[in-house]
Amino acid sequence: MHQDAEENSQLKWDNRFRNETCVLGIDPSRYLVDHLDLIMAHVPGTKALDVACGEGRNSIFLAKRGFQVSGLDISAVGLEKGRQWMEREGVTIDFRAVNLERYEFTEQYDLILNCNFLLRNLIPKSVAALSSGGILVFDTLVDSPFVPNNHSKEHLLQPGELVRIFQGFPGKILTQEEKLHDEMPTAKLIFQKK
Ligand SMILES: C[S@@+](CC[C@H](N)C(=O)[O-])C[C@H]1O[C@@H](n2cnc3c(N)ncnc32)[C@H](O)[C@@H]1O
C-alpha cells in the first residue's frame, strides 16, 4: 500500500470512529456468539487475536470469556474507544495500532478472529500464526447485487472463494456458510489448523 493510500485508509476509519457512536454496534458478532460452544470445544488454548478489531466489540466478548486477547487495527481512534470500553468492562486487551497490509506476525495464537475485514494476503499469514489445532473464525462480506455499493470490490470475497482458500491449508473446515441473498451477503467459516 502506498503511503497516501495508507494515510487515507487510516483517516477514513479514524473519521468513522470519531463520528459514529459505535460503527459495528455494541453487540459481538452473531456468528461468534452462536459458535462459541463449537470454538470452546476445539480451541487448544486461550491466546486470541482479533484482526482489524475496530472498537473491540469482539475482543471484549472474548476477554470476558477468559481469552487473553490482542487486537490489531489501523485506526488509533477506534483503538482508543476500545481501550475506554475495555476499562468500563473490567477486562484487559492488548490493543495495538498496526497496518495489516504490511504486518508480520511474531507470535502464535490459539484463536484468530477475522470479522468484517478482507486482506487476502493476510490469510496465509494468519493460518501460519495459528498454533497446532488453533482455530480461525472468518466472517466477511461477499460480492453480490445486494451489497451496498460503497464497498470496493477488492474488499469483497467472491462467491465460493472463502471455502476454496481454506481448502488449500492443512486442517479442517469445522463449519461454513455463505448467504448471498441476505441484506449483507456474507461468507463465514471456522477452520481448525492441523
Ligand atoms: C468494518 S470494520 C470491522 C471491525 C471489527 N472487526 C468488527 O467486526 O467489529 C473494519 C476495520 O478494519 C480496519 N482496517 C482497515 N484497513 C486496515 C489495515 N490496513 N490495517 C489494519 N486495520 C485496518 C478499520 O480501521 C476497521 O476498524
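What you see is a predicted model; the values in this text were computed from it and never measured. (Residues numbered from 1 in each chain as written. Predicted model: local features only at pLDDT ≥ 70, side-chain atom pairs only at ≥ 80, totals over all residues. Heavy atoms only, no water.)

1. What about the packing of aromatic side chains?
Enumeration over the complete set of coordinates arrives at 6 aromatic pairs. An aromatic cluster is defined as three or more aromatic residues linked by ring pairs; in this entry it consists of Phe138, Phe166, Phe169 and Phe191. Lying over the aromatic face of Tyr109, Lys47 brings its terminal NZ or CZ to 5.1 Å of the ring centre. (Phe/Tyr/Trp six-rings, centres within 6.5 Å; stacked < 30°, edge-to-face > 60°. Lys NZ or Arg CZ within 6 Å of the ring centre and 35° of its normal.)

2. What to know about the sheet that holds strand 4 (residues 109-115)
An order of 3-2-1-4-5-7-6 is seen for the 7 strands of this open sheet, with the pairing classed as mixed. Whereas interior strands pair on both sides, the edge strands pair on one side only; in this sheet they are strand 3 (93-97) and strand 6 (171-179). Across the sheet, the axes of successive neighbouring strands diverge by a mean angle of 10°, strand direction being ignored. Note: strand 5 (residues 130-141) against strand 7 (residues 186-193), 7 bridges, orientation antiparallel. (Pairing = 2+ DSSP bridges. Helix = DSSP H or I, 4+ residues; strand = E, 2+ residues; numbered from the N terminus. Axes fitted to C-alpha atoms, helices over the stretch in contact; angles between N-to-C directions.)

3. Topic: the site of the ligand
Near the ligand lie 19 residues; those nearest to it are Ala52, Arg57, Asp73, Asn99 and Cys115. Take Ala52: an N or O atom from its main chain is 2.7 Å from a nitrogen atom of the ligand. At a separation of 2.9 Å, a nitrogen atom of the ligand approaches a polar backbone atom of Leu100. Relative to its free-state accessible area of 590 Å², the ligand is covered by the protein chains to the extent of 93%. Within the residue set of the shell around the ligand, elements represented by two or more residues are helix 1 (3-19) and helix 4 (57-64). (Near = heavy atom within 4 Å. Polar contact = N/O pair within 3.5 Å; in protein donor to acceptor, adjacent residues only side chain to side chain. Areas by Shrake-Rupley, 256 points an atom, 1.4 Å probe, with all protein chains shown as cover.)

4. Some words on the pairing of strand 1 (residues 47-51)
Counting buried positions along strand 1 yields 4 of 5 residues, so the element is predominantly enclosed. Sheet analysis places strand 1 next to strand 2 (residues 68-73), joined by 5 bridges and oriented parallel. For Lys47, the partnering residue across the bridge sits in strand 2 and is Gln68. Summarising the sheet, strand 1 and strand 4 pair through 4 bridges and their orientation is parallel. Paired with Asp50 across the bridge in strand 4 is Leu113. (Buried < 20%, exposed > 50% of the residue type's maximum accessible area, 1.4 Å probe, protein only.)

The analysis is restricted to geometry; functional conclusions fall outside its scope.
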